[in-house]
Each structure stands twice: as C-alpha cells, then as structure tokens.
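Coordinates in review
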Amino acid sequence: MNYIPNILFAIALIIGIGYFAKNVKKLLRNIKLGQDVDVSDNTSQRWKNMINIALGQSKMVKRPVSGFLHVIVYVGFIIINIEVLEIIIEGLFGSHRIFSEILPTSVYGFLIGSFEILAALVFVSVIIFWLRRNVIKIQRFWKAEMTGWPKNDGNIILYIEMVLMALFLVMNATDLKFQSMESGNIISQFIAPLFNGLPEATIHAIERAAWWLHILGILGFLNYLYFSKHLHILLAFPNTYYGKVKPKGQLDNLEAVTKEVKMMMDPDADPYAAPAEEDENEVPAKFGASDVQDLNWVQLLNAYTCTECGRCTSECPANLTGKKLSPRKIMMDTRDRLEEVGKNIDANKGVFQDDGKQLLDNYITREELWACTSCNACVEACPVSIDPLSIIMDMRRYLVMEESAAPMELNNMMTNIENNAAPWPYNQMDRLNWKNE
C-alpha cells in the first residue's frame, strides 16, 4: 500500500510528459509545413542573439517596468523549477527532502531560501501584471484583437503562476521537517504560524495536498503551453537563433525574379534560346504567399513564438494613426490559420484537404497589408525577434504578382516608373525642371 502514491505519481508523470511530447511533435509538424529556407549563415551572430535576447532579456528591459517584472518571473520560474527535480525524486522513490540529506544544511537552506524569495517576488510581480492588464488597462492589452481567448489566456496564465507560487510556499510552511531545520524558510516561516493549533496529521495532509497540487499544476501548465501564448517560454530560444541577421531594411528578393533579371542584363544571353524543359506535372512556383503553406518555416515559428505582448502594435505608426493594421494580429492570425490547417491534416489522416479558406482575406485583410509602411518598427520592438513585416511583404507580393491587385496609387507609380523612369507622370525630358523653380 505504501507504493500506491509512487505509482500514481509515476502515472501522472508519464501522462503529463507523454501528452506534452505528442503536442511538441504536432507543433514541429505544423512548422515544417512552411517552405524551406537557408538559415545556416552567421552562426556566431545567431548564438550571440540567442544569448543576449532570449537568455539575457536585452530587448525586454527596454521598457524598464514591465521588463524588470518579466525578468523576475523569468528567473524565478527557471530557478524555482530546479526544486522540481527533488519533487520528482520524492514522488518516484518515496524519499522526502532528499537533497537536505545530501547537501550541508547551510547549502540546502540557501537554495530553498533563494527559491522562497523568488517565489514571493514572482507572486508580487504577477499581481502587478494583473493590475496593469485589468485595472490600469494599458492600451496595448485592450486592442481589438485582444478579446475572447487571447484576453482570457493572459489572465489564466497569471492565475496559474500565482497559484503555483502560493502552493510552493504553503508546502514549505507546512513541512514540519523543513521548518524544524530553521534554515531556508525565509518566507515560509511567516506563513507557518497560520497553521498553528492544527493537529500534526492535518498539517501533514495540507503539506501533501500542496505538494500534489504543485507538481500536478506544473505538469498541467507544461501541457497548457501548446494552447497558450506562453509557448514562447520554449520557442524564444530557437526563434532568436533563427531570427533575421541581415540589416532590418534589407528585403529578400524572389529567386525566380532575380534569375530573370540577371538573364535580361546578361549581354551574352541568347534571347531566342529555347527555355529549359519542365516536368508537365510540376506546379509553377507561386509568387508571394496567400496561405500559411506559402510562408517559410521560420515565419511559422515566429507565429507560434508570438507572446501577444503588443509592443509591435504599440510602436506601429499605421496603427497609431488609426489604421486597421496591427502587427500582433498578423502573427496571431497566422498562428490561428496554421492551427486550423494542422487540425485539417489530423482529421484527414495526414493529408490536407482544401477547406476553401486561406490566410489572405479569411484572416488578414488587404486593407491591413497595404496600411504597412514597411518601417520595421514592429521588428525592432519585438522582444523575441519576430518579423511580422516579412509576412506582410510576402502577402503583398502575392497580391501584386499573382492577382495584379495593387492599389491604384501603386499601379500608377509603377506605370510611371516603367514609362518615365520616375514615380511622377512627367516626360523624361521634363524630369529636372523642378531645379529651375
């Protein structure tokens, strides 16, 4: 009978990790639906970006208040979860505070004391985050796209974090063995008196309940990540590594178009040469992107990594002037469509069946795309190196090159450039007349 808790714990651990692994596999499958892209260049710079941005939180702290609070939560969760290792050992083998028997009391006390301080700081930080979101109502959390699930998801995460930190402190406060050590109970010593007067068996039951709820809560939170914006906890590191390392103002050229231009500019090219034979069954390459499968896998990774923090939208000049464009919504729409495609594949035994929808028009409107000034403010503002502009430009390319659906003003400009070698509708002979005025 003494082994029943250990067996139950092992079952919970296997189910929790197994379900998480299943979702990770699905996540990778969805990301790989994107087009291949070579990101093997600038390895040293990529490692530097990952260390500075993902690990060092360098872009997060550019906004000091939210950045400082986020660093506390970030460091707290990483360090406090070291204690999970002790809980797993305890759950599987029935030991109790095994590290306290291996490590000197002062060392163990220092570790747990550090965990308790961080837990308290995380608890306070999360409360402040909740107040900023729901009481102060910071504008970027109340945009049109932040309704329904996105709004609730942000609050659910805060509630989970508060509960997990509270359970950790209650677990320590009601652990009579730990409290008797009088080392490391920096915060829990002030909570322990709340349970004075209760029978020892009751205090032990509270400790066990907090222990179980804490570890089950961690496993539940781990599996909640896939359905939440908090997926960036896992994806921020690969996303910053594979993020753009070229100058932000440099746009990628389509290889097929570049090849055609080079051939036109080559004085040795034979204009009457027969084109290379192509496979009759080969589908012509699409210019630009109209759906998620047309984007590259780094862009799809970007979509899953989006934290929905809204820094991009709060910096976007188009959004600030009242236009419909929100870079955050671009990323959220891309992720939602990708999830829809993934569910379609799951429902059809691994094969995507045309559902009559696409990212363009069904999720992202043309008005949003043409509102973008391509200023890169959203790219600069993102704390995890997401590039909404690349998706916008690829979808614009599709509109222009596949549907000839550019706005009239843009079509007029391109016609003028073609005819007059300038954006203005003046004869080439009159192009310099302005200098005489």
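Rules behind the numbers
Residues numbered from 1 in each chain as written. Predicted model: local features only at pLDDT ≥ 70, side-chain atom pairs only at ≥ 80, totals over all residues. Heavy atoms only, no water. Salt bridge = Lys/Arg side-chain N within 4 Å of Asp/Glu carboxyl O. Helix = DSSP H or I, 4+ residues; strand = E, 2+ residues; numbered from the N terminus. Buried < 20%, exposed > 50% of the residue type's maximum accessible area, 1.4 Å probe, protein only. Core = buried A, V, L, I, M, F, W, Y, C linked by side-chain atoms within 4.5 Å. Expected span 1.5 Å × (residues − 1). Arc of directions from axis to C-beta. Contact = heavy atoms within 4.5 Å. Axes fitted to C-alpha atoms, helices over the stretch in contact; angles between N-to-C directions. Parallel < 35°, antiparallel > 145°, perpendicular 65-115°, else oblique. Nonpolar A, V, L, I, M, F, W, Y, C, P; charged D, E, K, R; others polar. 1 Å grid on protein atoms, 1.4 Å probe; cavity = no way out; pocket = protein on both sides within 12 Å on 5 of 7 lines; lining within 4 Å. Points joined across faces, edges and corners; volume = space filled by probe spheres on them. Phe/Tyr/Trp six-rings, centres within 6.5 Å; stacked < 30°, edge-to-face > 60°.

On to the pattern of salt bridges, then. Going through the model one piece at a time under the given rule, you end up with 23 salt bridges. In this structure, the salt-bridge partner of Asp175 is Arg97, at a minimum N-O distance of 2.9 Å. One end of the pair, Asp175, is in the loop between α7 (149-173) and α8 (176-181); the other, Arg97, is in the loop between α4 (82-93) and α5 (98-102), with 78 residues separating them in the sequence. Since its relative accessible area comes to 4%, Asp175 is described here as buried. Residue classification places Arg97 among the buried positions, given a relative accessible area of 4%. Among the salt bridges present, the one from Lys248 reaches Glu380, with a minimum N-O distance of 3.4 Å. Of this pair, Lys248 sits in the loop between α10 (232-241) and α11 (255-265) while Glu380 is found in helix α18 (residues 377-381), placing the two residues 132 residues apart along the sequence. Of the residues examined, Lys248 reaches a relative accessible area of 36% and is grouped as partly exposed. The partly exposed category is assigned to Glu380, whose relative accessible area is 38%. A single salt-bridge network, built from bridges that share partners, covers Asp291, Arg337, Glu340, Asp355 and Lys357.

Turning to the nonpolar core, a few remarks are in order. Formed by 85 residues in total, the largest nonpolar core has its most connected members in Tyr304 and Leu325. With ten residues, α7 is the single largest residue contributor to this core.

Okay, helix α2 (residues 43-55) next. Between the first and last C-alpha of α2 there are 17 Å, a value that for 13 residues agrees with the 18 Å anticipated at 1.5 Å per step. Among the residues of α2, Arg46, Asn49, Met50, Ile53 and Ala54 are the ones counted as buried. Relative to the axis of α2, the buried residues are bounded by an arc of 100° and lie together on one face. Buried residues belonging to α2 abut α3 (64-80) and α10. Just past α2, the residue Gln57 takes up positive phi, approximately 55°.

Here the focus is the environment of Ala205. Secondary-structure assignment places Ala205 in helix α9 (residues 200-224). Given a relative accessible area of 43%, Ala205 falls into the partly exposed group. Between the C-alpha atoms of Ala205 and Thr174, which are 31 residues apart in sequence, the distance is 8.9 Å.

In this section: the packing of α3 against α4. Where α3 contacts α4, the axes come no closer than 4 Å and their chain directions differ by 30°. As the angle between them shows, α3 and α4 are arranged roughly parallel. Of α4, the residues touching α3 (which contributes Ile78, Ile79 and Ile80) are Ile82, Glu83 and Val84. Among the residues forming the contact of α3 with α4, the class breakdown is five nonpolar, no polar and one charged.

Bringing the layout of surface pockets into the picture now. Within this model, the largest pocket holds a volume of roughly 1300 Å³. Looking at which element gives the most residues to the lining of the largest pocket, the answer is helix α19 (residues 388-401), with five residues. Residues of the lining of the largest pocket, tallied by class, amount to 13 nonpolar, 13 polar and 15 charged. Put simply, the second largest pocket is a space of about 1000 Å³. Lining the second largest pocket are 39 residues, with His70, Glu161, His230, His232 and Ile233 positioned closest to its centre. Going through the elements one at a time, α2, α3, α6 (105-134), α7, α9 and α10 are the ones with two or more residues in the lining of the second largest pocket. Considering each element in turn, the lining of the second largest pocket owes the most residues, six residues, to α3.

Turning to the packing of aromatic side chains, a few remarks are in order. Here a ring pair, both rings aromatic, is described through the centre-centre distance and the interplanar angle of the planes. Evaluation of the coordinates by the stated rule reveals eight aromatic pairs. Each ring, one from Trp211 and one from Trp212, has its centre 5.2 Å from the other, and the planes form 80°; the classification is edge-to-face. Look at Trp211 and you get buried, because its relative accessible area is 3%. Given a relative accessible area of 22%, Trp212 falls into the partly exposed group. Consider the rings of Tyr242 and Trp297, whose centres lie 5.0 Å apart with planes at 80°: the pair is edge-to-face.

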